[in-house]
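# Summary of the model geometry
One-letter residues, chain by chain:
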Amino acid sequence: MSLRTLAAILALALVGSTCGRAEKGEVRVAAPTRYGFGRPATAAEVRAWDIDVMPDGTGLPPGSGAASQGAAIYARKCAACHGKTGTEGPFDRLVGREPRERFPFGRDPRLVKTIGNYWPYATTLYDYINRAMPLDAPGSLKPNEVYSLVAFLLSRNEIIADTAVMNAATLPRVVMPAHDRFVTDTRRGGPEIR
Amino acid sequence: MTDGPISRRALLAGAAGALGAQALERAGLPVPQDPTKVPGTPVSPLGQRSPFERPRRVPVGTGQGISLTPLQNLSGIVTPADLHFERHHAGVPAIDPQRYKLLIHGMVERPTMFDLEALKRFPSVSRLCFLECSGNGFPSYRDIRPDLTPQLVDGLTSTSEWTGVLLSTLFRDVGVKPGARWFLAEGEDAAVMARSIPLEKASDDAMIAYGQNGEALRPEQGYPARLLVPGWEGNANVKWIRRIEIADRPFMTREETSKYSDPLPDCTARLFSFAMDAKSVITFPAYPVTLPDKGWWEIEGLAWSGRGRVRRVDVSTDAGRHWAPAELQQPVLPKCHTRFRYLWTWDGGDTTLLSRAADETGYVQPTLDELRQARGRGTTYHFNHIRAWTVRRDGTVVFGLEG
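Looking only at helices and strands, one finds six helices and four strands in chain A. Sequence-ordered secondary structure for chain A, helices as α and strands as β, is α-β-α-β-α-α-α-α-β-β. Partitioning the contacts of chain A with sequence separation of at least 6, the portion at a separation of at least 24 is 53%. Working note: accessible area of chain A is about 10800 Å², and carbon and sulfur atoms make up 57% of it.

Here it is as structure tokens:
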């Protein structure tokens with residue numbers, strides 16, 4: 001059944017019940033399917049805001065970068081908050097692999113999550129740096145800079161080679177170490193504690 | 001969550017929340033001996049709290065920090081808007097309502113731009129519901145200390161009456177294409193906060209809210225408009241919403257992978273754990289309160305469930321050996337704070353007070369051990385286990401099981 005037919009039936013049902021129960025003089029109108037209060041968004045408006053990047057690479061812009069270029073940008077724009085090698089802080093540690101062949105985050109409260117040991121998708125790195133970093137100048141990086149920083153952080157996490165070039169074709173193909181660790185939520189209410 | 005030092009003074013001031021007359025007079029606010037003998041202050045365009053009342057949030061961290069609601073100062077179920085907890089990742093943006101726009105695009109028939117007036121012209125709905133950060137309760141799971149107040153334990157939950165337009169109404173207007181399953185909600189803050197939400201939530205009860213407790217949203221709560229996904233973790237209720245993109249799969253943003261996912265003891269991590277399970281906390285008596293003498297005391301607290309109504313709250317005044325049902329203040333609303341009360345005669349001895357909520361799905365708030373069994377000690381969100389307050393013989397009350 002199309003939405004329109006459904007709406008028509010609902011409208012009839014509403015009118016029907018109104019006839020039965022309405023107070024004298026009361027008029028009720030059925031709601032339309034569409035109100036049309038917004039205005040069409042232009043392609044330019046969508047392009048200006050549509051910044052998200054999906055795991056299959058949808059949304060990645062043209063451009064590219066490698067770790068060597070990323071290292072220079074990182075030293076200038078990121079190291080003050082994330083440390084010279086991405087491990088010193090003061091803010092989120094960005095570099096680190098879990099040497100144990102497991103994923104013991106649930107069991108070990110001391111373990112610190114990083115791109116290398118926890119992030120399931122490499123594309124998320126592009127998306128996040130592009131939208132939110134550096135914290136003091138969000139949205140200021142050009143695509144080549146973001147690709148370079150992504151390449152730098154992935155290579156420091158020993159996920160890609162130092163020389164690998166990241167672009168819209170290569171980044172979605174990077175498989176993250178923790179990729180297979182994520183499961184869906186099975187909590188459903190009811191007596192079981194999950 | 002950002003941890004940081006909380007000054008003891010801020011903490012105690014927040015916990016007390018009220019000032020004495022002498023303090024006010026010292027501060028230059030005259031308080032007459034007999035108010036019936038002098039005319040009072042005239043009418044005014046904007047009301048103020050009594051100068052005797054000083055409830056305060058406790059802010060922790062800078063910029064992308066948290067600010068906790070003083071649960072111990074509240075009565076009933078509604079949180080005053082200026083005491084609603086705060087959590088944001090890059091500060092509170094200043095947004096001009098005249099320039100505000102919401103874009104809905106992606107798998108839709110008609111990519112559409114709505115301004116605030118357009119949003120308000122749609123049929124509106126109001127509902128009371130709680131909002132809780134999924135990191136709420138972190139110290140009670142991973143950093144148990146006796147000097148925790150209800151505010152510091154659970155102050156990342158608040159209840160408001162929210163007014164707005166149902167997402168299902170907006171989605172009918174733009175025409176969702178077949179095959180769509182998720183949508184991205186994105187904010188206009190400096191974090192450009194982004195979360196993927198299953199489309200079913202839009203047909204259920206999600207809305208774009210622009211009203212809070214009878215007025216416009218507070219800036220900290222998303223002014224001029226936010227997503228509201230009742231019963232789901234706070235972060236998914238994207239504030240300052242400016243864009244919704246409808247898609248056939250989730251976007252896997254940083255806030256739904258690196259953050260807001262739940263490591264489990266079986267070496268996996270749970271994605272998209274939206275619902276806040278049933279929970280309760282006693283807000284009186286609680287640290288730093290001291291009970292001056294034994295006898296009748298009303299134990300009070302809040303209970304809530306992201307899956308529907310609270311069915312019952314049981315209270316134990318003997319560390320869990322016996323439980324008895326608390327009284328629930330009516331009306332009990334789905335996905336909303338519910339106040340419970342339990343009349344207790346304290347015999348003056350050492351004891352521990354507990355509360356345990358159950359919701360209409362049959363879920364019962366677990367013990368700390370049960371939750372740790374299910375989630376592991378290293379998990380970082382959704383801490384809804386039973387909280388304990390220990391009452392000592394001298395009347396002092398501290399957080400956590402003692403001994």
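Time to look at the overall build of chain B. Counting secondary structure elements, chain B contains eight helices and 24 strands. Along the three orthogonal principal directions, the C-alpha set of chain B runs to about 70 × 65 × 40 Å. Taken over 403 residues, chain B has a buried fraction of 59%. Averaged over its 48 positive side-chain charges, chain B has a centre that lies 2 Å from the centre of its 46 negative ones.

Taken as a whole, chain A shows an average pLDDT of 89; of its residues, 87% reach a score of 70 or greater. Note that pLDDT drops below 50 for residues 5-20 of chain A; the model gives that stretch seven contacts with residues more than four away or on any other chain.

Contacts between the two partners involve 55 residues from chain A and, on the opposite side, 69 residues from chain B. Between chain A and chain B the total buried area reaches about 5200 Å² when both faces are included, carbon and sulfur atoms providing 58% of it. Sorting the residues of chain A by area buried against chain B places F37, W49 and R187 of chain A first, and these three jointly supply 16% of that buried surface. Where chain A meets chain B, there are eight salt bridges. Between chain A and chain B we count 28 residue pairs in polar contact (both at pLDDT 80 or more) in total. Considering each element in turn, the side of chain A that touches chain B owes the most residues, four residues, to helix α5 (residues 123-132) of chain A.

On to the domain arrangement of chain B, then. All names here are of chain B. Entries for chain B in the domain assignment read domain 1 (81-268) and domain 2 (279-399). Listed by partner, the interface residues are 38 residues for domain 1 and 34 residues for domain 2. Across the interface of domain 1 and domain 2, roughly 2900 Å² is buried in total on both sides, 59% from carbon and sulfur atoms. If you sort the residues of domain 1 by the area they bury against domain 2, F130, Y141 and P150 come out on top, with a joint share of 24%. Put simply, D205 and K335 hold a salt bridge, and the shortest N to O gap is 2.8 Å. The interface formed by domain 1 and domain 2 contains 18 residue pairs in polar contact (both at pLDDT 80 or more). Mapped onto the side of domain 1 that touches domain 2, the elements with two or more residues apiece are β6 (125-132), α4 (138-142), α5 (150-154), β7 (157-166), α7 (199-204) and β14 (262-263). By residue number, the principal contributor to the side of domain 1 that touches domain 2 is β6, which donates five residues. For the side of domain 1 that touches domain 2, the class distribution of residues is 15 nonpolar, 11 polar and 12 charged.

A separate point is the side chain of D318 of chain B. Residues and elements named next belong to chain B. Mapped onto the fold, D318 is located in the loop between β18 (310-316) and β19 (324-325). Buried charged residue D318 carries no salt bridge. Nearest counter-charge: R321, at 4.5 Å. Only 2.9 Å separates the side chain of D318 from the side chain of S316, close enough to count as a polar contact. A polar atom in the side chain of D318 sits 3.1 Å from the backbone nitrogen of R321. In this structure D318 touches T351 and T352, once residues within four positions along its chain are discounted.

Attention now moves to the nonpolar core. Residue and element names in this part refer to chain B. Within the largest apolar cluster, 49 residues are counted, with the highest numbers of intra-cluster contacts made by W162, V313, F340, W344 and W389. Broken down by element, this core gets its largest block of residues, five residues, from strand β17 (residues 295-304). Of the residues that make up this core, three or more belong to each of domain 1 (81-268) and domain 2 (279-399). Among the nonpolar cores identified, the runner-up in size contains 48 residues, and L102, A118, I197 and F272 belong to it.

As a further point, take the packing of aromatic side chains. Counted according to the given criterion, the structure contains 22 aromatic pairs over all chains. With a centroid separation of 5.1 Å and an interplanar angle of 80 degrees, the aromatic rings of F105 of chain A and Y118 of chain A are classed as edge-to-face. Highlighted residues: F105 of chain A in the loop between α4 (79-82) and α5 and Y118 of chain A in the loop between α4 and α5, separated in sequence by 13 residues. An identical accessibility class is assigned to F105 of chain A and Y118 of chain A; each is buried. Seen from their ring centres, F114 of chain B and F122 of chain B are 5.8 Å apart, and the 65 degrees between their planes marks the pair as edge-to-face. Put simply, the rings of Y35 and F37 of chain A together with F114 and F122 of chain B touch in pairs and so form one group of aromatic residues.

In most cases, non-glycine residues show a negative phi, while peptide bonds are predominantly trans. Residues and elements named next belong to chain B. Residue P224 is bonded to the preceding Y223 through a cis peptide linkage, with omega at 5 degrees. With respect to the helices and strands, P224 occurs in the loop between β11 (215-216) and β12 (226-228). The omega angle of the peptide bond from F284 to P285 is -5 degrees, so this bond is cis rather than trans. Mapped onto the elements of the fold, P285 is located in the loop between β16 (279-284) and β17. A positive phi angle is found at F272, which is not glycine, with a value near 50 degrees. A relative accessible area of 12% places F272 in the buried class. Backbone geometry at K335 places phi at a positive 55 degrees, although glycine is not the residue there. As for its placement among the helices and strands, K335 is situated in the loop between β20 (327-328) and β21 (338-346).

About the thresholds
Residues numbered from 1 in each chain as written. Chains lettered and ligands numbered in written order. Predicted model: local features only at pLDDT ≥ 70, side-chain atom pairs only at ≥ 80, totals over all residues. Heavy atoms only, no water. Helix = DSSP H or I, 4+ residues; strand = E, 2+ residues; numbered from the N terminus. Contact = heavy atoms within 4.5 Å. Areas by Shrake-Rupley, 256 points an atom, 1.4 Å probe, with all protein chains shown as cover. Buried < 20%, exposed > 50% of the residue type's maximum accessible area, 1.4 Å probe, protein only. Lys, Arg positive; Asp, Glu negative; His and termini not counted. Charge placed at Lys NZ, Arg CZ, Asp CG, Glu CD. pLDDT = per-residue confidence, 0-100. Buried area = accessible area lost by both parts, 1.4 Å probe. Salt bridge = Lys/Arg side-chain N within 4 Å of Asp/Glu carboxyl O. Polar contact = N/O pair within 3.5 Å; in protein donor to acceptor, adjacent residues only side chain to side chain. Domains from an automatic or database assignment. Nonpolar A, V, L, I, M, F, W, Y, C, P; charged D, E, K, R; others polar. Core = buried A, V, L, I, M, F, W, Y, C linked by side-chain atoms within 4.5 Å. Phe/Tyr/Trp six-rings, centres within 6.5 Å; stacked < 30°, edge-to-face > 60°.

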